[in-house]
Amino acid sequence: MVGRNGHRYLPVLIAAAAVLATAVPGCHRLTEYSSTGETGVVVIRLPDLEAEDVIPGFEGGRSICSVGNENFVVASNRGRLFWGNSAERTIEHAYPIGTAFTAGYGSMAPGDGSIYIITGYGQIAQFNLSSRKVVDQFDAGPLPTDLCRAAFGPYLYVSDGQDGLVREVWLLDNEVHDQYGMPHPVRALASGRIIDRAVMCAAGSASEAYRILVDSLPYPETVELSSPPVDIAAFRDTSLCCAVHPVMHGSGGATIIWYDSLGQAQTRIMSLDGSPCVICTDHVRRLFYVASFLGDGTTRIYKLDPFDMAILGSVDVDGLLRDMALHRNGEFLLALTSG
């Protein structure tokens, strides 16, 4: 495939190392998992928030994505993509997808039969799930910080920490076709309500969130928050979304954002213990799951009902949580942690 500016990109390192297979004998109970620096995936059964097992061995894992009924992938800053099986509780393979890069591999988004990954040195890789190979690499800004697949069309949105733009990439050709200037650089993205063709953004350095209406406004709408958010999630069938804050008046919290009949943003704050760091959406049950680091080597995962402003439960897991993903149509929550 030919990338922008006429450059032709080939799958990286595939010829050098076709497949690195890593077998994991047996299943590990949560009580056996200790904070030894190892990265593991905690398998949490829903809706009861029961931590069943930990799958170890995801060295350098930074982001996780569900890719099928039993399959999931973990991107590692060692330049590898681990292919896991939630039924067998094993790592089946590890595929080379780029060079080792400490600050990379922290965001993944699904495409059409592919996943997109921020790799090293600002590039984005497209990994085909059928061939299990990198089929394209391209640029979408000097310092991409997050990826978001639009719920309303074949588009990928990419935030950038250097020039502050949010770019629209078409999955048909992996080319940037539009871009949006933001008041402050964006740290995290989420696809909002489908009928609005909305993209929700969390500013990393300002106490603000933004809403991009792709077809309606040439500029983002600003929502004032009480402190800078680090992650954001949204529902596809309502205007409701949620931004999480590491520190808010001495503790962490989550801000529920929705839009009234006049299109005005409304907010309410839910206080949470610890320092919230990651959020994901359960579209089936219309819930949010928020991970909050408690500072003692433990992360607490909250189940939030944003409509009733209620905490419905929580579960504590060992280590610092890096990312989460709903799995098997909401049967499991997969939590990627490091000790």
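To keep things clear, this report deals only with the structure shown in the data block.

Thresholds applied
- Residues numbered from 1 in each chain as written.
- Predicted model: local features only at pLDDT ≥ 70, side-chain atom pairs only at ≥ 80, totals over all residues.
- Heavy atoms only, no water.
- Phe/Tyr/Trp six-rings, centres within 6.5 Å; stacked < 30°, edge-to-face > 60°.
- Helix = DSSP H or I, 4+ residues; strand = E, 2+ residues; numbered from the N terminus.
- Lys NZ or Arg CZ within 6 Å of the ring centre and 35° of its normal.
- Core = buried A, V, L, I, M, F, W, Y, C linked by side-chain atoms within 4.5 Å.
- Buried < 20%, exposed > 50% of the residue type's maximum accessible area, 1.4 Å probe, protein only.
- Salt bridge = Lys/Arg side-chain N within 4 Å of Asp/Glu carboxyl O.
- Pairing = 2+ DSSP bridges.
- Axes fitted to C-alpha atoms, helices over the stretch in contact; angles between N-to-C directions.

Once that is clear, we can look at the packing of aromatic side chains. The tally for this structure, following the rule as stated, stands at eleven aromatic pairs. Seen from their ring centres, Y95 and F127 are 5.8 Å apart, and the 50° between their planes marks the pair as tilted. One end of the pair, Y95, is in strand β7 (residues 90–96); the other, F127, is in strand β10 (residues 123–128), with 32 residues separating them in the sequence. Pairwise contacts between aromatic rings join F152, Y155, Y157 and W170 into one cluster. Its end group placed over the ring of F332, R89 keeps NZ or CZ at 5.6 Å from the ring centre. The residue whose ring lies beneath R132 is W83, and the NZ or CZ to ring-centre distance is 3.6 Å.

Attention shifts here to the nonpolar core. With 18 residues, the main nonpolar core has I44, Y289, I301, M324 and L333 as its most contacted residues. Elements represented by at least two residues in this core include exactly β2 (39–45), β3 (50–56), β24 (275–282), β25 (287–293), β27 (310–318), β28 (320–327) and β29 (332–338). Ranked by residues supplied to this core, first place goes to β25 with three residues. Counting residues in each nonpolar core, the second largest holds 17 residues, with Y180, V186, V199 and A203 among its members.

Okay, the pattern of salt bridges next. This model, assessed by the stated rule, comprises 17 salt bridges. Between E331 and R45 there is a salt bridge, with its nearest N and O atoms 2.9 Å apart. Linking E331 in the loop between β28 and β29 with R45 in strand β2, this pair joins segments that are 286 residues apart in sequence. A residue is classified by how much of its surface remains accessible, and E331, at 24% relative accessible area, is partly exposed. By relative accessible area, which is 28% here, R45 ends up partly exposed. A salt bridge links R149 to D112, with the nearest nitrogen and oxygen atoms 3.3 Å apart. Within this pair, whereas R149 is found in strand β12 (residues 144–149), its partner D112 is found in the loop between β8 (108–110) and β9 (114–118), the two being separated by 37 residues in sequence. Using a relative accessible area of 54% as the deciding quantity, one classes D112 as exposed. Through salt bridges with shared partners, a single network forms among R45, E52, D53, R89, R328 and E331.

So, about the sheet that holds strand β5 (residues 71–76). Here four strands make up an open sheet; going across it, the order is β4-β5-β6-β7 and the pairing antiparallel. Looking at strand neighbours, the two that pair on one side only are β4 (61–66) and β7, the edges of this open sheet. For this sheet, the mean inter-axis angle between neighbouring strands, taken without regard to orientation, is 25°. Note that β5 and strand β6 (residues 80–85) share six bridges and pair antiparallel. Within β6, the position partnered with N71 by the bridge is N85.

This part takes up unusual backbone geometry. In the segment running from L46 into P47, the intervening peptide bond is cis, with an omega of 10°. Note on placement: P47 falls in the loop between β2 and β3. The phi torsion at R89 lies on the positive side, around 60°, for a residue other than glycine. You can see R89 is positioned in the loop between β6 and β7. Residue R89 is classed as buried on the basis of its relative accessible area of 9%. With a phi angle near 55°, N329 is a residue other than glycine that sits in the positive phi range. Mapped onto the fold, N329 is located in the loop between β28 and β29.

Across the eight residues of strand β26 (residues 298–305), seven count as buried, placing the element largely inside the fold. Of the strand pairs in this sheet, β25 and β26 are connected by six bridges, and their pairing is antiparallel. If you follow A291 over to β26, its bridge partner there is I301. Hairpin connection of β25 to β26: four residues between the antiparallel strands, including G295 at a positive phi of 85°. Examined bridge by bridge, β26 and β27 share eight bridges and lie antiparallel to one another. The partner of K303 across the bridge, within β27, is G313.

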